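What the coordinates show
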Amino acid sequence: MASASAAALSGGGARNLLRFLRLVGQLKRVPRTGWVYRNVEKPESVSDHMYRMAVMALVTKDEHLNKDRCVRLALVHDMAECIVGDIAPADNVPKEEKHRREEEAMKQLTQLLPEDLRKELYELWEEYESQSSAEARFVKQLDQCEMILQASEYEDLEDRPGRLQDFYDSTAGKFSHPEIVQLVSELEAERNAKIAAAPGTPTS
């Protein structure tokens, strides 16, 4: 028996799905604003960031988490940015306004999908925004962990250890999941060794 979503893709449904995929495809061309503001050469896209987050969720060993749901949350959490762009703290957009813009974008996006998929994607986004589940809270920590891992990689590529320290400062005290704490500890140990070995003091 065909699912409701498969049936809805007949006729105009396929046209709407194509529009949805084109919109989501914009994420490949939306640079992560934080790196742009710090003059990082060839900054990653939002979809780059979400892809590695999804992989991080996939390789978690935590049996108390619904791994499939974590992967889905990672793939959806920044989806609205294909319409509103990546709004960074430095943009000084109030949190409520940022949420309103992204909520409108998610409604616009999911309207292009069959009802069951529309409901699933929108509810995943809401779950992440409200941090209403253990999975959403875990993925939020993945979001911040992926960011500082990327910061470390940019420092390595530029050969400027410590240049992106403010990204590390912004995540201080925000990690609590044991796997992520261990990963961050290893990352910081490697990074601190590079900073200590670098001649002079890193400059911004």
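Residues numbered from 1 in each chain as written. Predicted model: local features only at pLDDT ≥ 70, side-chain atom pairs only at ≥ 80, totals over all residues. Heavy atoms only, no water.

Before going further, it helps to examine helix α11 (residues 178-197). The periodicity of an α-helix, 3.6 residues per turn, causes residues three or four places apart in sequence to face the same way. The first and last C-alpha atoms of α11 sit 29 Å apart over 20 residues, in line with the 28 Å expected at 1.5 Å per residue. Looking at the buried residues of α11, the elements they touch are α9 (134-158) and α10 (165-169). (Helix = DSSP H or I, 4+ residues; strand = E, 2+ residues; numbered from the N terminus. Expected span 1.5 Å × (residues − 1). Contact = heavy atoms within 4.5 Å.)

Quick look at the nonpolar core now. Core analysis: the largest hydrophobic core is formed by 46 residues, its most contacted members being W35, M106 and V139. Within the residue set of this core, elements represented by two or more residues are α4 (46-58), α5 (67-76), α7 (95-110), α8 (115-130), α9, α10 and α11. Counting residues per element, this core draws most heavily on α9, at 9 residues. Excluding its chain neighbours within four sequence positions, the residues that come into contact with M106 are V76, M79, A80, L121, Y122 and W125. (Core = buried A, V, L, I, M, F, W, Y, C linked by side-chain atoms within 4.5 Å. Buried < 20%, exposed > 50% of the residue type's maximum accessible area, 1.4 Å probe, protein only.)

Despite not being glycine, Q131 has its phi angle at roughly 55 degrees, a positive value. Within the secondary structure layout, Q131 lies in the loop between α8 and α9. A positive phi is found at D159, a non-glycine position, where the angle reads about 55 degrees. With respect to the element layout, D159 can be found in the loop between α9 and α10.

Further remarks concern the side chain of Q141. Considering the arrangement of structural elements, one finds Q141 in helix α9. Setting aside residues up to four positions removed in sequence, Q141 forms contacts with K174, F175, S176, H177 and I180.

Summarising the element assignment, R191 is placed in helix α11. Dropping the residues within four chain positions of it, R191 is found in contact with E155, G162, L164, Q165 and Y168.

Attention now goes to a nonpolar patch on the surface. Taken together, the side chains of Y51, V55, L58 and V59 define a hydrophobic patch exposed on the protein surface, amounting to about 410 Å² of accessible area. The residue V59 is located in the loop between α4 and α5 in this model. (Patch = residues over 30% accessible without salt bridge, like charges linked within 9 Å, V, L, I, M, F, W, Y side chains within 5 Å. Areas by Shrake-Rupley, 256 points an atom, 1.4 Å probe, with all protein chains shown as cover. Salt bridge = Lys/Arg side-chain N within 4 Å of Asp/Glu carboxyl O.)

A few words now on the packing of aromatic side chains. Throughout the structure, instances matching the rule amount to 3 aromatic pairs. Ring centres of W35 and F167 lie 4.5 Å apart, and the angle between their planes is 35 degrees; this geometry places the pair in the tilted category. Linking W35 in helix α3 (residues 33-37) with F167 in helix α10, this pair joins segments that are 132 residues apart in sequence. W35 gets classed as buried once you look at its relative accessible area, which sits at 1%. Note on F167: relative accessible area 12%, which makes it buried. For the pair Y122 and W125, a centre-to-centre distance of 5.8 Å together with 45 degrees between the ring planes defines the contact as tilted. Pair noted here: Y122 and W125 are both in helix α8, with a separation of 3 residues, about one helical turn. A cation sits over an aromatic face here: R191 above Y168, 3.8 Å from the ring centre. (Phe/Tyr/Trp six-rings, centres within 6.5 Å; stacked < 30°, edge-to-face > 60°. Lys NZ or Arg CZ within 6 Å of the ring centre and 35° of its normal.)

Where α7 contacts α8, the two axes come as close as 9 Å, and the packing angle between them is 165 degrees. Of the possible angle classes, the one that applies to α7 and α8 is roughly antiparallel. Viewed along their axes, α7 and α8 form a crossing whose handedness is right-handed. Between α7 and α8, the residues in contact are H99, E102, E103, M106, K107 and T110 and R118, L121, Y122, W125 and E129, respectively. (Axes fitted to C-alpha atoms, helices over the stretch in contact; angles between N-to-C directions. Parallel < 35°, antiparallel > 145°, perpendicular 65-115°, else oblique. Left-handed = near helix turned anticlockwise from the far one by under 90°.)

Our focus in this paragraph is α4. With 13 residues, α4 should reach 18 Å at 1.5 Å per residue; the first-to-last C-alpha distance of 18 Å fits that figure. Residues of α4 that are buried include every one of V46, H49, M50, M53, A54, M56 and A57, and no others. Looking straight down α4, one finds its buried side chains confined to an arc of 160 degrees; they lie on one side. Away from its buried face, by an angle of more than 90 degrees, α4 presents the exposed residues Y51 and L58. In this structure, the buried residues of α4 make contact with α5, α6 (81-84), α9 and α11. (Arc of directions from axis to C-beta.)

Fair warning: the whole summary comes from geometry, so function is off the table for now.
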